Amino acid sequence: MAKLDEVITEISALLEMVEKLQPASDLHQKLVALSVNYEDWYSRSLNVIRQIIPERLDDFVVVYRNEKRKEITYLTYTISDYLFGVTIQKNSRDMFNPKSAYAMSLLRQMSILKAAYNAAPSVLRDITTVLRSELLDSDLDAARELLRAQHLRSAGVICGVVIEAHLKAVLQRRAIKISKKDPSIGDLNELAKKEGVYDVPMWRLIQRLADIRNLCGHSKDREPTKEEVEDLINGTDKVIKEVF
C-alpha cells in the first residue's frame with residue numbers, strides 16, 4: 001500500500017499537469033502532443049481515483065469515453081472525441097465549440113481528482129487502521145494457539161507486543177509525541193492516560209496486563225498461570241477493540 005506522502009505528491013503532480021492539457025490553440029498542430037500528455041495523465045489519475053475514491057471512478061471514466069450515449073451533444077461530448085478531432089457539422093442545430101466542451105470535461109475530471117486529494121489522508125488512514133487491526137488479530141490468534149499448547153510465556157510475550165504496537169499507533173494517530181526512544185507498555189499507558197486517550201478503568205486494565213506480560217517475559221520470576229495468560233489475551237483483545 002502506498003504511503004500517504006507518496007499519494008499526495010502524486011496527486012499534486014497530476015493537478016499541476018492539467019496546465020499542459022488545456023485545449024490546443026491549433027487543433028491540428030497541437031492535438032498529437034496534447035493526446036500524448038493527456039493519456040499519461042489519465043492513466044495515472046485513473047489509478048489514484050480507483051484507490052482513493054472508487055465510487056467516483058465511473059464518473060471519471062465517462063467524461064473520457066461514453067459508451068452508452070445515443071447522440072453527441074455538448075453534455076455528452078467526451079475528451080476522447082476532442083482528441084480524435086470529432087467536430088459537429090455547421091448545419092447541425094446542436095452545433096457547439098469542441099474546445100469549450102473539452103475544457104468543461106477536463107474541469108470535471110480535475111474536480112474529481114481534487115476530491116481524491118482531499119479524501120486521501122482519511123481514506124489511507126482508515127485503510128492503515130484496518131490492516132493493522134487485522135494483523136493484531138492474527139497475532140492474538142497465534143497467542144491463543146500457544147496457550148492451547150501450554151506455551152504460556154510465549155503467548156504472554158506476543159500479547160505484550162500487540163498492546164505496545166497498538167498503543168503506539170493510537171498515540172501517533174492522535175499526534176501525541178512519544179518522548180522515550182523505547183517506551184514500555186507502562187510508559188505508553190501513562191502517556192495515554194495523561195493525554196486523556198482513555199479513562200482510569202482502562203488505564204488500570206492495561207497496568208494489569210503489563211504486569212502479566214512482564215511475568216511472562218522474565219524467566220527468573222514465577223511461572224504465569226493459564227488463567228493469567230487467558231486474562232492477558234482477553235484483555236489485549238479488549239484494548240485493541242476499544243482504544244482508538
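Here the structure is a predicted model, which is why all the values come from computation and not from measurement.

Colleague: Account for helix α8 (residues 200–217), with residues named and values stated.
Modeller: Counted at 1.5 Å a residue, the expected span for α8 with its 18 residues is 26 Å, and the 25 Å between its end C-alpha atoms agrees. Listing the buried residues of α8 in full gives Met202, Trp203, Ile206, Leu209, Ala210, Ile212, Leu215 and Cys216. Residues of α8 that are buried in the fold lie against α6 (152–173), α7 (185–194) and α9 (226–242). The residue sitting at the N-terminus of α8 and contributing the capping side-chain oxygen is Asp199; that oxygen lies 3.3 Å from the backbone nitrogen of Met202.

Colleague: Requested: an account of a nonpolar patch on the surface, with residues and values cited.
Modeller: Together, Tyr74, Leu75, Met104 and Leu107 make up a nonpolar patch on the protein surface, roughly 400 Å² of accessible area in all. For Leu75, the location among the structural elements is in the loop between α3 (57–64) and α4 (79–83). Taking the relative accessible area as the measure of exposure, Leu75 reaches 71% and is therefore exposed.

Colleague: Outline the environment of Lys68, listing residues and values.
Modeller: Along the polypeptide, Lys68 turns up in the loop between α3 and α4. In this structure, the C-alpha to C-alpha distance between Lys68 and Gln150, residues 82 residues apart in sequence, is 63 Å.

Reading the values: the criteria
- Residues numbered from 1 in each chain as written.
- Predicted model: local features only at pLDDT ≥ 70, side-chain atom pairs only at ≥ 80, totals over all residues.
- Heavy atoms only, no water.
- Helix = DSSP H or I, 4+ residues; strand = E, 2+ residues; numbered from the N terminus.
- Expected span 1.5 Å × (residues − 1).
- Buried < 20%, exposed > 50% of the residue type's maximum accessible area, 1.4 Å probe, protein only.
- Contact = heavy atoms within 4.5 Å.
- Polar contact = N/O pair within 3.5 Å; in protein donor to acceptor, adjacent residues only side chain to side chain.
- Patch = residues over 30% accessible without salt bridge, like charges linked within 9 Å, V, L, I, M, F, W, Y side chains within 5 Å.
- Areas by Shrake-Rupley, 256 points an atom, 1.4 Å probe, with all protein chains shown as cover.
- Salt bridge = Lys/Arg side-chain N within 4 Å of Asp/Glu carboxyl O.

In short, shape yes, function no, at least from these values alone.
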